[in-house]
Each structure stands twice: as C-alpha cells, then as structure tokens.
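Residue-level listing of the chains:
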Amino acid sequence: MKTLLIIGTGGTIAGAAPAATQTIGYRAGAVPVGELIDNVPGLRDVARIRATQPFSIGSEHMRSAHWLILAQLVRKAQSDPALDGVVITHGTDTMEETAFFLDLVSPRGKPVVMTGAMRPATAVSADGPANLLGACRIAADDGAAGRGVLVAFNDRVFAAATVGKVHTLRLDAFAARDAATVGEVADATVRWREPVQRTALRPQAFGALPLPEPVFEPQAEALPRVALMLQHVDCDETIVQWHQKRGARGIVIAGSGNGMLPDPMRAALARASRSGCLIVRASRVPSGPVVRNGEAEPADRDDALGLIASGFVAPLKARVLLQCCLLAGMGAAETQQQFDRFG
Ligand code: DAS
C-alpha cells in the first residue's frame, strides 16, 4: 500500500457554516486536516496516510510566502523514501496559481495532487470528501508519477499548466484551457487519457532553483514582484510607471485579442522594458495562444520592443512563470524560451 502525505492548507473543503444548507458565508479553513481525513470513509483503504497542516486559510489570502512553505514541504517529500506521493487540500480561488508555482519549482517524480471543494465540510452533499478520496486514489496510482502537479476535482484530473477555475459556484468549477483533462476517476479507478505529457517530461528549469525563505512581513514579498494588468478601453498607461515605482521587476498585461495594446500602453511598456522590467504580453481572451510580433508596424513588434509573448500560458500563470524566470536571473530571450515550452 502506498504512503501519502496530505498537506492541509484550509479553504472551503475545510469550511464550516452554522447551517447545513449554507454553501456561501461559511468560515474557510475551520476544520482541521485530521478531521477532513477521518470524514472520508474508505480513505485508509486507498493508502497509508500521514498529515500536516502548515496553515489554514481561505485561499483568497494566499501569499507567495505560503507558496514557499508548500514548496519546501513538497521538495522534502519528493526526497523522502518513506513517502510515495503528496495530496494538498487547498481553496479553489487560487488553486490554479499555487498548482502552477509548485509544478514549476518541484522536481518531477512522485505524484503531487491538489484538491478542494465548492461546498463547505458542513454542507448537505459536501463535495470535499469525494474530492479528497479521488485525489488520494490518483496520488496512489502508478500512472500519476512524472506528470508534475495535478488538480483533482469532481472526478476529473487536470494538469497544473492548463487548469483554471471557470465557475464561481458550481461543483464542476474547473476546466482545462486549450487542453483536455489528463484523466478521469470512475468507479474507484483512475483512467489516464494520455501518456505523460511532454511538458512534464522535459527537464525542469526551476526544479532545483534555490528558493527564498518565506517572509510574512507586511508588504514584504518573498518572490520577485510581478504585476498583472488587464487591458481595457481607456486603460491608464501611467499605471505601468506606478508598478515600477512599487518595485515590479516584471509586468504581465492581458491584452485584447492576440495580446494587442493601444499605442500609449505599448509605449509605456516599451519604456519599462528598456529600463530592465520584463514585459509579457498575454491575452484576456480565455483560449488560444498569444503569438509574437502581431503588430502591423515592425517598430511596434515584440522583437523591436523586447517584449515576451505568453503563448498558451494564461495571464494568471504567466505572472507565476515570470516570477520564476526573474528568480532564476533570466533575461527576455531566455524567458521567452520558458514560455514557448508550454506551446
Ligand atoms: N474559500 C475560497 C478559497 O479558500 C473558496 C474555496 O475554498 O473553495 O479559495
């Protein structure tokens, strides 16, 4: 029987409300991870379980310091001969960001599966117990090794690089952007849709990257500061300079269409790029890649301005990937190569 480490971090899966009919307005992270485990019939028939709870928060409060604590625990588990895999219970609001960060910085090998819930633990038909059981089945399955961080939700298995929350309330809250699910769980069996994805097989740029110590001081940020901006009609380009004054070393802008920008915004970002800030052009469109040099005028193109095109990487994940590139001391060309890996 495999041995799994379950890391509890809070979220709705550990949420509690006075009334069983309440599915909003609950207290996230109120139920300790040991109780979550005890509330899942049959879980201990799937694997030997160890548990730890480094913190317990609603994931809307997640900070990069929390990510660094989780990365330390996952890296340690990857080299612990007594463990065969990791399951992380986490809020759904920022799960896609945490999953991608851990996917980027954790060495490939043992399964790491994240899960959560859309209904609190106290609700009628709470979905947490089934999601936790599914996540453990996946983490204990031989087919899960080497796939990087996975998200298990509502009997579906997603890759960290493409998963995103697509509904605010529904149980089926997650989907894969520009990709299929990696597998499905049915009748206590995990069915993998495809062999281990090629991005999961490629040597990792950040699997052994030294990571900073987690700091929680107000306004301290343990990872390089990267701003994320959404382009809209009349968007104020002076915000670019404000982000730089606040210490941003990178900016991701979710442009319109193929990551397109109005002249004033493009000029402001070009100035920031010239001053050494890495700029990634992503798109506010929910699917499809952002390709390089889409502008009509050569002088406005990425090559001329030193901008990076996000490819298939969604804006929220582009910010995380850019943080890792900056932490690794990469410049624009090497960073573009990292984004192109997700094509
Ligand atoms: N409470 C929100 C969070 O922690 C929602 C959830 O957990 O599902 O992300």
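Scroll up to find the structure.
Predicted model, so just to flag it, every value in this text is computed and none were measured.

### Section: the overall build of the chain
For the chain, the count of helices and strands is 11 helices and 14 strands. Radius of gyration (C-alpha) of the chain: 20 Å, near the 20 Å computed for a compact globule of 343 residues. Of all 343 residues assigned to the chain, the portion counted as buried reaches 51%. In the chain, 73% of the contacts between residues at least 6 apart in sequence involve partners at least 24 apart.

### Considerations on the pattern of salt bridges
One pass over the structure, following the stated rule, counts 11 salt bridges. Between Arg266 and Glu295 there is a salt bridge, and its shortest N-O distance comes to 3.3 Å. With a gap of 29 residues between them, Arg266 in helix H8 (residues 263-274) and Glu295 in the loop between strand S13 (278-283) and helix H9 (302-305) connect regions that are remote in the sequence. Each member of the pair, Arg266 as well as Glu295, carries the same accessibility label: buried.

### Points about the site of the ligand
Around the ligand, a shell composed of Gly11, Thr12, Tyr26, Ala28, Gly58, Ser59, Glu60, Gly91, Thr92, Asp93 and Ala117 is seen. Taking Thr92, its side chain carries an N or O atom lying 2.5 Å from an oxygen atom of the ligand. Considered on its own, the ligand offers 260 Å² of accessible surface; in the complex 93% of this is hidden by protein. Residue composition of the shell around the ligand, by class: 3 nonpolar, 6 polar and 2 charged.

### Points about the environment of Val157
Residue placement: Val157 occurs in strand S6 (residues 156-159). Taking the relative accessible area as the measure of exposure, Val157 reaches 0% and is therefore buried. Leave out the neighbours within four places in its chain, and Val157 touches Ile138, Leu150, Val151, Thr181, Val182, Gly183, Glu184, Val185 and Trp192.

### Notes on the sheet that holds strand S5 (residues 149-153)
Strand order in the open sheet made by the 8 strands is S2-S1-S3-S4-S5-S6-S9-S10, with mixed pairing throughout. In this open sheet, the two edge strands, each paired with only one partner strand, are strand S2 (48-52) and strand S10 (189-192). For this sheet, the mean inter-axis angle between neighbouring strands, taken without regard to orientation, is 25°. Relative to strand S4 (residues 112-115), strand S3 (residues 85-89) is paired through 4 bridges, and the arrangement is parallel. Within S4, the position partnered with Val87 by the bridge is Val113.

### Considerations on the environment of Leu36
Within the secondary structure, Leu36 sits in helix H1 (residues 33-38). In the structure, Leu36 is positioned 221 residues away from Gly257 in sequence and 43 Å away in space, judged by C-alpha atoms. Excluding residues within four positions of it along the chain, Leu36 makes contact with Ile13, Ala14, Val31, Thr89, Ala121 and Leu132.

### Remarks on helix H3 (residues 64-78)
For H3, with 15 residues, the first-to-last C-alpha span of 21 Å sits near the 21 Å given by 1.5 Å per residue. When you tally the buried positions in H3, you get 11 out of 15 residues, the bulk of the element. The set of residues buried in H3 consists of Ser64, Ala65, His66, Trp67, Leu68, Ile69, Leu70, Ala71, Val74, Ala77 and Gln78. Of the surrounding secondary structure, the elements contacted by the buried residues of H3 are strand S1 (3-8), S3, helix H4 (95-105), S4 and helix H10 (315-327).

### Notes on the sheet that holds strand S14 (residues 308-309)
Strand order in the open sheet formed by 4 strands is S11-S12-S13-S14, with parallel pairing between adjacent strands. Bordering the open sheet on either side are strand S11 (226-230) and S14, each of which pairs with just one other strand. Alignment of S13 against S14, held across 2 bridges, turns out to be parallel. Within S14, the residue paired with Val280 across the bridge is Ile308.

### Description of the packing of aromatic side chains
To describe a pair of aromatic rings, one takes the distance between the centres and the angle between the planes. Evaluation of the coordinates by the stated rule reveals 3 aromatic pairs. With a centroid separation of 5.1 Å and an interplanar angle of 20°, the aromatic rings of Trp67 and Phe101 are classed as stacked. Here Trp67 is found in helix H3, whereas its partner Phe101 is found in helix H4, with 34 residues between them in sequence. Phe101 matches Trp67 in its accessibility class, with the two residues each being buried. Aromatic pair Phe153 and Phe174: ring centres 4.8 Å apart, planes at 55°, arrangement tilted. Residue Phe153 is found in strand S5, and its partner Phe174 is found in strand S8 (residues 174-176); the two are separated by 21 residues along the sequence. Take Phe153 and Phe174: they sit in the same class, and that class is buried. The ring of Phe342 carries the charged tip of Arg341 above its face, separated from the ring centre by 5.5 Å.

Reading the values: rules and limits
Residues numbered from 1 in each chain as written. Predicted model: local features only at pLDDT ≥ 70, side-chain atom pairs only at ≥ 80, totals over all residues. Heavy atoms only, no water. Helix = DSSP H or I, 4+ residues; strand = E, 2+ residues; numbered from the N terminus. Rg over C-alpha atoms; globule rule 2.2 N^0.38 Å. Buried < 20%, exposed > 50% of the residue type's maximum accessible area, 1.4 Å probe, protein only. Contact = heavy atoms within 4.5 Å. Salt bridge = Lys/Arg side-chain N within 4 Å of Asp/Glu carboxyl O. Near = heavy atom within 4 Å. Polar contact = N/O pair within 3.5 Å; in protein donor to acceptor, adjacent residues only side chain to side chain. Areas by Shrake-Rupley, 256 points an atom, 1.4 Å probe, with all protein chains shown as cover. Nonpolar A, V, L, I, M, F, W, Y, C, P; charged D, E, K, R; others polar. Pairing = 2+ DSSP bridges. Axes fitted to C-alpha atoms, helices over the stretch in contact; angles between N-to-C directions. Expected span 1.5 Å × (residues − 1). Phe/Tyr/Trp six-rings, centres within 6.5 Å; stacked < 30°, edge-to-face > 60°. Lys NZ or Arg CZ within 6 Å of the ring centre and 35° of its normal.

The values reported here are purely geometric and, on their own, carry no functional implication.
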